[in-house]
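# Commentary on secondary and tertiary structure
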Amino acid sequence: MKLNFFKKYLFVEAIGLLMLFGYLVDFASIPEKQGPRYAKDPLLEEADFEPIFNGKDLSDWEYDPVYWSAKDGAIVGEVTPETLLKSNTFIIWKGGEVGDFELKLDYWITEVGNSGVQYRSDRFTEVPYALRGYQADIDAANRYTGQNYEERKRTTLAYRGQKTEITSQPDGMTVREYVERNAWKGLHVTEELGDREELGKLIKPGEWNSIHLVVKGNVMKHYVNGTLMSEVHDDDEKNRMLKGLLGMQVHVGPPMTVKFKDIQLKKL
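Keep in mind it's a predicted model, so treat the numbers as computed, not measured.

All right, on to the overall build of the protein then. A count of helices and strands for the protein gives four helices and 19 strands. Evaluated residue by residue, the protein yields a buried proportion of 41% over its 268 residues. Summarising the internal contacts of the protein: among those between residues at least 6 apart in sequence, 65% fall at separations of at least 24.

Right, dumping it as C-alpha cells:
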C-alpha cells in the first residue's frame, strides 16, 4: 500500500514539473514578453546616467562668478539688489554639444524667480554668457514651469499641458515676424496632456522638484516630478537645432536664488 502511494506521489510530481517546464517554454516564446517592459533593469537604466556636476566646484562649467557658485552640493545662481541683471545670464557645461540625450536634475527656486534648463543651444555672442535655443522653463509662480520656450528665437513652442507640432514661418518672413504674443505662430496643438493649472499643482513651491528631459531626434519631452508637462515635435527645418550646448539660466528681474543638484546626463 505504501509503495503504491509513493509511486502515485512521484507520478504527480513528474507531471507537475513537466507542466512547469511547458509553461516556461511557452512564456519565453511570446514576443511581447521579451520586450522592454520585462527586460529592463531599473538599476542598469540608472547606471547609464553620468554626473556632469561634481557637487564641489564649477570646474566643468563656464559662467559669470558674480551670479554663479557651488554651495552645499548644488550649483547656485543668485541675483542680489547690488547685482541686478540687464540680460539673462547662463552657466554653460563645458562638455560640448549634445544631440540626443536624457537629462535629470533637481531644482529649488525662491518665491520670486525665473530660470530654466537650456539645451541644444548656441551662443548668443552679443551678450556674455548667453545662450539661444530650447529651454525647459522654470518660474517660481509655476505659470510656465515645464513648458518649452526657445530663448532668443521662436519663443513659446509648447505651453504646459500641450503636445505640439512646430512648422516653419513662410518664405520671406523672419523669425521675429512669425512670433505673436510671445509664442510661435507655427505652434499647432496635436494633443492636450492635461489641464495647465492642474499639472502646475504637481510642482511644489519652495521645495526641491525634479526635471527629466528626454530629447531624441526632433521630439522633446519635459517631465516635472515624473509627469509629462510638454512635448514638442519640431518639424521646422529652417530653425530647429538637433544638437547644441547645455546650461542653466538666471533671468532678468528682482533678486532671486535658484539651485540645481544631482545633474545626470545620458547620451542616446
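Here we come to the pattern of salt bridges. Inspection of every chain in the model, using the stated rule, returns 13 salt bridges. In this structure, Asp 122 and Arg 132 form a salt bridge, with 3.2 Å as the shortest nitrogen-oxygen distance. With Asp 122 in strand E7 (residues 114-123) and Arg 132 in strand E8 (residues 131-139), this pair connects stretches of sequence that are ten residues apart. We classify Asp 122 as partly exposed; its relative accessible area is 26%. Residue classification places Arg 132 among the partly exposed positions, given a relative accessible area of 28%. Among the charged side chains, a network of salt bridges with common partners joins Glu 150, Arg 154, Asp 234 and Asp 236.

A word on the nonpolar core. Ranked by size, the top nonpolar core spans 48 residues in total, and within it Trp 61, Ile 75, Val 117, Phe 260 and Ile 263 carry the most contacts. Beyond its immediate chain neighbours, meaning those up to four positions away, Val 117 contacts Leu 103, Leu 105, Tyr 134, Gln 135, Ala 136, Ile 138, Ile 211, Leu 213, Gly 247, Met 248 and Phe 260.

On to the side chain of Glu 231. With respect to the helices and strands, the residue Glu 231 is situated in strand E17 (residues 227-234). Residue Glu 231 is classed as buried on the basis of its relative accessible area, which comes to 8%. Here Glu 231 is in contact with Ala 158, Gln 162, Lys 163, Thr 164, Leu 193, Val 219, Met 220 and Lys 221, once residues within four sequence places are set aside.

Attention shifts here to the packing of aromatic side chains. Across all of its chains, the model carries three aromatic pairs by this definition. Residues Phe 101 and Tyr 119 carry aromatic rings whose centres are separated by 5.7 Å and whose planes lie at 70° to one another, so their mutual orientation is edge-to-face. Residue Phe 101 is found in strand E6 (residues 101-109), and its partner Tyr 119 is found in strand E7; the two are separated by 18 residues along the sequence. Judged on exposure class, the residue Phe 101 and its partner Tyr 119 are both buried. Residues Tyr 178 and Trp 184 carry aromatic rings whose centres are separated by 5.0 Å and whose planes lie at 75° to one another, so their mutual orientation is edge-to-face. Residue class for Trp 184 comes out buried when judged on its relative accessible area of 2%. Joined through ring pairs, the aromatic side chains of Phe 101, Tyr 119 and Tyr 134 make up one cluster. Here Lys 259 stacks its cationic end above the ring of Trp 108, 4.9 Å away from the centre of that ring. Across from the ring centre of Trp 208, 4.3 Å away, lies the NZ or CZ of Lys 261, which sits over that ring.

Sheet topology note: the E6/strand E15 (residues 209-216) ladder contains seven bridges and is antiparallel. Bridge pairing in E15 links Tyr 107 to Asn 209. Bridging between E6 and strand E19 (residues 256-267) involves eight bridges; their strand directions are antiparallel. Residue Leu 103 lies in a different strand from E19, and its bridge partner there is Leu 265.

Residue position: Ile 52 is located in the loop between strand E1 (50-51) and strand E2 (61-62). As for Ile 52 and Trp 93, which are separated by 41 residues in sequence, their C-alpha atoms are 7.9 Å apart. Residue contacts for Ile 52: discarding those within four places in its chain leaves Asp 60, Trp 61, Trp 93, Leu 103, Leu 246, Ile 263 and Leu 265.

A word on unusual backbone geometry. Of note, Asp 72 is a non-glycine position whose phi angle comes to about 50°, a positive value. Within the element layout of this structure, Asp 72 appears in the loop between strand E3 (68-71) and strand E4 (74-79).

Here we come to the environment of Lys 163. Among the secondary structure elements, Lys 163 is positioned in strand E11 (residues 162-166). Note: C-alpha distance between Lys 163 and His 188 (25 residues apart in sequence) is 8.5 Å. Residue contacts for Lys 163: discarding those within four places in its chain leaves His 188, Val 189, Thr 190, Glu 191, Leu 193, Glu 231 and His 233.

With that out of the way, let us pick up the confidence of the model for the protein. On average, residues of the protein carry a pLDDT of 88, and 83% of them reach 70 or more. Below a pLDDT of 50 lies the segment residues 20-41, which in the model reaches eight contacts outside its immediate sequence neighbourhood of four places, other chains included.

Reading the values: the criteria
- Residues numbered from 1 in each chain as written.
- Predicted model: local features only at pLDDT ≥ 70, side-chain atom pairs only at ≥ 80, totals over all residues.
- Heavy atoms only, no water.
- Helix = DSSP H or I, 4+ residues; strand = E, 2+ residues; numbered from the N terminus.
- Buried < 20%, exposed > 50% of the residue type's maximum accessible area, 1.4 Å probe, protein only.
- Contact = heavy atoms within 4.5 Å.
- Salt bridge = Lys/Arg side-chain N within 4 Å of Asp/Glu carboxyl O.
- Core = buried A, V, L, I, M, F, W, Y, C linked by side-chain atoms within 4.5 Å.
- Phe/Tyr/Trp six-rings, centres within 6.5 Å; stacked < 30°, edge-to-face > 60°.
- Lys NZ or Arg CZ within 6 Å of the ring centre and 35° of its normal.
- Pairing = 2+ DSSP bridges.
- pLDDT = per-residue confidence, 0-100.

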